[in-house]
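# An overview of the molecular structure
Read off the chains here:
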Amino acid sequence: SNMKALKSNKSIANFWLAVGVFSCLAVPWYAIDDGFIGLDWFGSDYIFDSDYAPLLWQFVICGKFWLAPLLLPFVIASLALTKAKRGRTQAHLLIIGGGIGLLWLAIQGLSIGIRGWQFETLETLLGPLSNRQFGIGVGGLLYYLSCLFLFSFGVAERKGAYGDKFIISMIIFVILLVMIFIVYPIGKLFVSGFIDDQNNYSFLIFLEKFTDKRIWSVACFIDAGRCGVAINSLVMAIIVGALTTILGLIFALLVTRTSLKFRRVIRAMSVLPIITPPFVIGLAIILLFGLSGIVTTFVADILGVQPTRWIYGLPGIIIAQTLAYTPIAFLVLIGVVESVSPSLEEAGQTLRANPYQVFNTISLPLMRPGIANAFLLGFIESMVDFGNPLVLGGNYDVLSTEIFFAIVGAQYDQGRAAVLAIVLLSFTLLAFYIQRFWLGKKSYTTVTGKGDSGLPMKLPTLLSLPIIAIGLSWAMFTLVIYSIIVYGSFVEMWGLNYDLTFKHYITAFEINLEGGGIQWTGSAWNSFWTTLTIALIAAPLTATLGLIIAYLLARHNFYAKNAFEFGTMLSFAIPGTVIGVSYILAFNVPPIEITGTGIILIVSFIFRNMPVGLRSGLAAMSQLDKSLDESSLTLGASSFQTFRAVILPLLRPAILAALVFSFVRSMTAISAVIFLVSAEYDMATSYIIGRVENNDYGLAIAYSTTLITLMLTVIVLMQLAIGKAVTHRQENTMKS
């Protein structure tokens with residue numbers, strides 16, 4: 001068995017060595033014009049073409065001397081695998097070879113770009129370059145993977161993680177992915193804030209932009225002037241966070257602590273905002289309360305006054321965001337409310353406390369973590385929301401929209417966009433810190449291994465009546481909003497002609513069957529198929545990466561594990577707008593040049609949504625006994641075989657949940673996507689935003705309604721699949 005394992009390990013190392021040699025000799029080193037993996041290069045003379053040549057020929061024929069050290073790792077690895085005996089010498093050679101490859105790949109990529117030297121200091125020291133280089137392509141990617149796994153193999157040979165090749169490789173692989181696609185873009189963003197118009201670094205430039213009164217002015221509180229965008233965003237986020245938390249708690253109490261007959265309907269409504277594009281509710285509010293809105297014109301006719309645009313600005317944003325994010329607060333709070341121990345409430349009543357005292361002194365304090373988390377989510381979602389402020393903001397400027405206009409507007413000020421993004425990121429991280437400080441180290445545990453036979457306490461009558469009244473009123477308002485969304489998609493011209501028509505759907509999704517084939521002639525088909533394709537590619541990759549990280553965290557102990565977990569969760573705390581700007585700054589130039597491609601959209605979705613798959617995987621794995629893994633390993637299976645054949649089948653519900661979330665979020669994302677789309681890769685949400693900017697509300701709402709219907713169908717199908725998976729596991733357990 002040991003001899004078989006040794007041969008298998010050596011075969012794996014030889015395979016990755018062969019991959020590295022192949023990347024240097026046979027495939028283009030740099031990315032090509034028609035796509036990352038296009039085949040235009042394939043031909044008899046591609047080796048002599050500076051655009052398509054592999055690494056070795058880029059050095060020998062094209063004179064790119066800085067690529068020569070990248071050949072050294074495979075010489076060292078060859079010596080390690082052929083000459084050195086298995087042990088510390090072989091391990092050290094593989095670590096040195098793989099480490100040199102990874103390190104020099106980063107150094108030369110960051111130092112030399114499309115204009116030669118990236119830094120004036122290097123040009124002064126070494127002189128100007130006669131050559132230049134572009135972003136790495138398939139050859140560079142295969143080279144990176146080869147060096148990565150050779151390095152991991154060497155680390156494992158030194159008995160790291162008990163010599164487990166799979167575990168070591170996955171840990172290093174994930175660390176490097178996080179460094180490349182999270183830490184590097186954010187670092188690039190911070191650096192951009194210190195660059196002046198002459199491309200020089202200056203702290204004074206950053207300080208000048210950071211202290212700009214357009215960001216921090218408090219004139220609206222003093223002389224009725226205009227506040228800065230940071231103050232506007234902060235005020236808006238605090239109000240929305242408070243309102244969504246209060247309403248979410250009201251709905252949670254309404255569903256769990258009252259006898260209302262419509263509780264299931266209210267609970268089902270919680271899914272609607274998750275599958276709704278972020279700005280659609282803002283469109284519905286315009287149809288109701290805009291200048292030509294139903295309510296506005298009705299009230300104006302009755303009172304005989306001129307309709308106004310009062311909805312544009314802070315009031316409209318608050319209404320739209322509260323509608324959009326209250327159900328998210330409800331989903332957070334309902335679990336907390338249900339987990340409050342009935343025995344504690346009964347104990348309070350036994351000690352002669354009245355229902356109000358029990359609720360105020362026992363129930364409500366135990367809901368404190370849920371309330372803090374709900375406020376945090378509402379605050380951050382409001383702060384980073386892009387769609388609703390763009391649709392309803394009017395003259396009320398906020399950070400997310402200002403960042404957008406700094407990048408795509410006439411000013412094109414990357415430095416200002418970077419500073420605004422830093423301010424936005426600072427607010428979200430500060431909110432995380434304040435939440436942790438407020439909760440402190442107090443214990444809120446009420447559910448233990450011992451069963452709790454008590455019944456949840458019903459709300460006191462004087463408290464339940466206003467909760468029911470507020471909850472039902474808001475629920476009815478939500479139903480009206482979604483009814484308007486559907487109705488508005490069939491109206492000829494809102495405010496002028498209310499005749500019903502299918503015109504908007506036909507314009508967006510027309511199909512021509514002439515000529516013996518299907519022709520997708522509707523204006524929305526291109527963005528629809530692009531969005532669907534990218535979401536279908538990103539969803540399984542997101543779920544896979546999240547579950548691999550969950551497996552590493554739940555089942556293995558390794559050095560710097562807490563830092564590893566923090567790095568993987570960092571993208572969850574970073575606003576989508578900041579992700580979009582940082583990706584533009586980082587990946588628009590070498591060494592990774594993917595701006596304008598579908599790859600950058602896929603990558604942004606993977607790392608934006610990965611923490612959800614990670615958390616669902618951790619929650620599911622906590623229910624699986626470690627003895628299952630140990631039994632598999634005892635029977636001779638490797639960690640990879642154990643993960644594939646034992647763990648993954650038992651994680652089927654978590655996998656499907658991660659797939660649902662990542663697919664839906666990819667279909668409806670806007671804050672990061674708006675910066676990353678291109679003419680070739682246009683997404684559904686950016687197309688809809690374009691229709692809104694052209695006042696084509698009918699087409700925008702028709703497209704949004706189609707997306708909502710599609711998302712609802714996908715969620716229902718996925719829920720059915722999850723249900724079958726859980727039932728199947730239970731039946732197998734009963735049989736055993």
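Computed from a prediction, not measured in an experiment: that's the story for all the values here. (Residues numbered from 1 in each chain as written. Predicted model: local features only at pLDDT ≥ 70, side-chain atom pairs only at ≥ 80, totals over all residues. Heavy atoms only, no water.)

## Some points on a nonpolar patch on the surface
A cluster of nonpolar side chains, contributed by Ile294, Val295, Phe298, Val299, Ile302, Leu303, Val305, Tyr487, Tyr498 and Leu500, occupies part of the molecular surface with about 910 Å² of accessible area. Elements supplying a minimum of two residues to the nonpolar patch: helix H14 (294-303) and strand S4 (497-500). Broken down by element, the nonpolar patch gets its largest block of residues, six residues, from H14. When you line up the elements, tyrosine 498 lands in strand S4. On the accessibility criterion, tyrosine 498 (33% relative accessible area) is partly exposed. (Patch = residues over 30% accessible without salt bridge, like charges linked within 9 Å, V, L, I, M, F, W, Y side chains within 5 Å. Areas by Shrake-Rupley, 256 points an atom, 1.4 Å probe, with all protein chains shown as cover. Salt bridge = Lys/Arg side-chain N within 4 Å of Asp/Glu carboxyl O. Helix = DSSP H or I, 4+ residues; strand = E, 2+ residues; numbered from the N terminus. Buried < 20%, exposed > 50% of the residue type's maximum accessible area, 1.4 Å probe, protein only.)

## Some details on the packing of aromatic side chains
Within a pair of aromatic rings, the relevant descriptors are the distance that separates the centres and the angle that separates the planes. This model, assessed by the stated rule, comprises 35 aromatic pairs. Measuring from centroid to centroid gives 4.5 Å for tryptophan 16 and phenylalanine 149, while their planes differ by 25 degrees, and the two rings are stacked. Of this pair, tryptophan 16 sits in helix H1 (residues 2-25) while phenylalanine 149 sits in helix H6 (residues 138-157), and the two are 133 residues apart along the sequence. Residue tryptophan 16 shares its accessibility class with phenylalanine 149, and that shared class is buried. Note on phenylalanine 74 and tyrosine 143: the rings are 5.2 Å apart at their centroids and 85 degrees apart in plane angle, and the pair reads as edge-to-face. Placement of the pair is phenylalanine 74 in helix H3 (residues 72-82) and tyrosine 143 in helix H6, with a sequence separation of 69 residues. Neither phenylalanine 74 nor tyrosine 143 differs from the other in exposure class; each is buried. One aromatic cluster is present, formed by Phe509, Trp520, Trp525, Phe528, Trp529, Tyr687 and Tyr703 through successive ring pairs. One Lys or Arg, arginine 691, reaches over the ring of tyrosine 687 and ends 5.6 Å from the middle of that ring. (Phe/Tyr/Trp six-rings, centres within 6.5 Å; stacked < 30°, edge-to-face > 60°. Lys NZ or Arg CZ within 6 Å of the ring centre and 35° of its normal.)

## Digging into the state of the cysteines
Scanning the model with the defined rule gives one disulfide in all. The disulfide bridge from cysteine 220 ends at cysteine 227, spanning 1.7 Å between sulfur atoms. With the S-S bond torsion at -75 degrees, the cross-link from cysteine 220 to cysteine 227 turns out left-handed. With relative accessibility at 11%, the residue cysteine 227 sits in the buried group. Free cysteine: cysteine 147, not disulfide-bonded; nearest cysteine sulfur from cysteine 24 at 7.9 Å. (Disulfide = S-S within 2.5 Å.)

## Quick word on the side chain of serine 464
By the element assignment, serine 464 lies in helix H22 (residues 461-488). Assessed through its relative accessible area of 11%, serine 464 is described here as buried. Setting aside anything within four residues of it in sequence, one finds serine 464 in contact with Thr258 and Leu459. (Contact = heavy atoms within 4.5 Å.)

## Describing the nonpolar core
Counting residues in each nonpolar core, the largest one holds 209 residues, and the members touching the most others are Ile285, Tyr583, Phe607, Phe675 and Tyr703. With residues up to four places along the chain from it excluded, the contact list for tyrosine 703 reads Phe509, Ala524, Ser527, Phe528, Ala684, Tyr687 and Ile688. (Core = buried A, V, L, I, M, F, W, Y, C linked by side-chain atoms within 4.5 Å.)

## Comments concerning the packing of helix H11 (residues 229-257) against H22
Helix packing geometry: the angle between the two helix axes and the distance between the axes. Here H11 crosses H22 at 110 degrees, and the two axes come no closer than 9 Å. Judged by the inter-axis angle, H11 sits roughly perpendicular to H22. From H11, Leu247, Ile250, Phe251, Leu253 and Leu254 reach across to H22, where they touch Ile467, Ile468, Ile470, Gly471, Trp474 and Ala475. Residues that form the contact of H11 with H22 fall into these classes: 10 nonpolar, one polar and no charged. (Axes fitted to C-alpha atoms, helices over the stretch in contact; angles between N-to-C directions. Parallel < 35°, antiparallel > 145°, perpendicular 65-115°, else oblique. Nonpolar A, V, L, I, M, F, W, Y, C, P; charged D, E, K, R; others polar.)

## With respect to the side chain of serine 152
Turning to its location among the elements, serine 152 is positioned in helix H6. The class for serine 152 is buried, based on a relative accessible area of 0%. In this structure, serine 152 is in contact with Ile168, Ser169 and Ile172, ignoring residues within four places of it in sequence.

## Focus: the confidence of the model for the protein chain
Summarising the model, the protein chain shows a mean pLDDT of 82, and 88% of its residues fall at 70 or more. Of the regions scoring below 50 in pLDDT, residues 443-452 engages in 14 contacts with residues more than four places distant in sequence or in other chains. Throughout residues 723-736 the model reports pLDDT below 50, and contacts reaching past four residues in sequence, or to other chains, amount to six contacts. (pLDDT = per-residue confidence, 0-100.)

## Comments concerning the environment of tyrosine 703
By the element assignment, tyrosine 703 lies in helix H33 (residues 697-735). Along the backbone, tyrosine 703 and threonine 685 are 18 residues apart, and their C-alpha atoms lie at a distance of 9.2 Å.

## Side note on the environment of tryptophan 529
By the secondary structure assignment, tryptophan 529 is in helix H24 (residues 525-555). Of the residues examined, tryptophan 529 reaches a relative accessible area of 34% and is grouped as partly exposed. Taking C-alpha positions, tryptophan 529 is 8.7 Å from methionine 683, a pair spaced 154 residues apart along the chain.

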